[in-house]
Amino acid sequence: SMAAPALLMRVVASAYSVAEKAATIVRNVMAAGDLGIVEKTGANDLQTKADRLVQMSICASLARKFPKVTIIGEEEVSTDELTEELIEDGHCEEILKKTCPAQYTGIKEEELVIWVDPLDGTKEYTEGLLDHVTVLIGIAYGGKAIAGVINQPYYNYEAGADAVLGRTIWGVLGIGAFGFQLTEAPAGKHIIVTTRSHSSSLVNDCISALNPDSVIRVGGAGNKIIQLIEGKASAYVFASPGCKKWDTCAPEAILHAVGGKITDIHGNSFQYNKEVKHMNSAGVLATLRNYDYYASRIPNTIKQSLVP
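Residues numbered from 1 in each chain as written. Predicted model: local features only at pLDDT ≥ 70, side-chain atom pairs only at ≥ 80, totals over all residues. Heavy atoms only, no water.

Asks: Go over the side chain of Ser197 with me, naming the residues and quoting the values.
Replies: In this fold, Ser197 is placed in the loop between β9 (191-194) and α5 (201-209). Exposure remark for Ser197: the relative accessible area of 16% places this residue in the buried category. Setting aside its immediate chain neighbours within four residues, Ser197 contacts Asn44, Lys123 and Glu124. (Helix = DSSP H or I, 4+ residues; strand = E, 2+ residues; numbered from the N terminus. Buried < 20%, exposed > 50% of the residue type's maximum accessible area, 1.4 Å probe, protein only. Contact = heavy atoms within 4.5 Å.)

Asks: Can you break down the packing of aromatic side chains residue by residue, with the values?
Replies: Using the criterion set out here, one finds six aromatic pairs in the structure. By the ring-pair criterion, three or more aromatic residues cluster together here, those being Trp115, Trp246 and Tyr272. Against the face of Phe178 rests Lys98, its NZ or CZ located 4.2 Å from the ring centre. Over the ring of Tyr291 we find Lys261; its NZ or CZ atom is 4.4 Å from the centre of that ring. (Phe/Tyr/Trp six-rings, centres within 6.5 Å; stacked < 30°, edge-to-face > 60°. Lys NZ or Arg CZ within 6 Å of the ring centre and 35° of its normal.)

Asks: Account for the packing of helix α6 (residues 221-229) against helix α7 (residues 245-257), naming residues and giving values.
Replies: Between two packed helices, what matters for the description is the angle formed by their axes and the separation of those axes. Between α6 and α7, the shortest axis-to-axis distance is 9 Å and the interhelical angle comes to 15°. Regarding the angle of α6 to α7, the classification is roughly parallel. Where α6 crosses over α7, the handedness of that crossing is right-handed. Between α6, through Ala221, Gly222, Ile225, Leu228 and Ile229, and α7, the contact on the second element is made entirely by Asp247, Pro251, Ile254 and Leu255. Its residues assigned to classes, the contact of α6 with α7 shows seven nonpolar, one polar and one charged. (Axes fitted to C-alpha atoms, helices over the stretch in contact; angles between N-to-C directions. Parallel < 35°, antiparallel > 145°, perpendicular 65-115°, else oblique. Left-handed = near helix turned anticlockwise from the far one by under 90°. Nonpolar A, V, L, I, M, F, W, Y, C, P; charged D, E, K, R; others polar.)

This is how it looks when you write it as structure tokens:
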């Protein structure tokens, strides 16, 4: 008989279904029309009813199945509003059929940390730029992002009434990443994707120094990594603090699973153990290919301004 699937594969399979449930909540809140927006630290740092409900749903659903796993989410939410209909108990069978990489077969629950961004691109969500929005569930072991799920609740939303709305991308290091068509950016073109709502002179000076052919400004870290793996951009550059561990964990796992690379502006890899500080204070540099080309061209003046 088949051995029971390894813990990691069960967590990823559950996270897949939990992310699909999250997408339904995100779409329902938008359709109901009352986003319940509150400002956290200012006009560019917003929280909506969707952020709150989705975080409750993801964290409670995963905690119920995997009680010893550490789960760290972006939002401060009380579980007072937690109702049974927010709980997702399902899993993706397809994921359970994949063989867990040998180095991860012995993982215990208490060794995993799950980083959750219930709604990445909240500002864009409130402005109706719905394709920017993602739900991020990143899974870390030994301080490294090893698996991730990215759901795009509004994928295809401009494709007409008959289009299937939303998609879920998932990946595990040593297995690969699925749910999208891996595409490389046009050869010889330097297309940079960066922040839409958190720009600064530092962000812009860094991009200018790289002399790009074009710059794409979009919301959401998840969305920016998708631009890389679908070949729409060749580098994601953000020379600023502001990005957090829950923004990068799931995207990092997906990107690394297909041979890409993500670091801070200095080239340091991110750490995801539960004690780590939440802010990625030295920015982000990510590529699917040709990481060294971009890394070698980041000016020292920019690096000196960003302390890890």
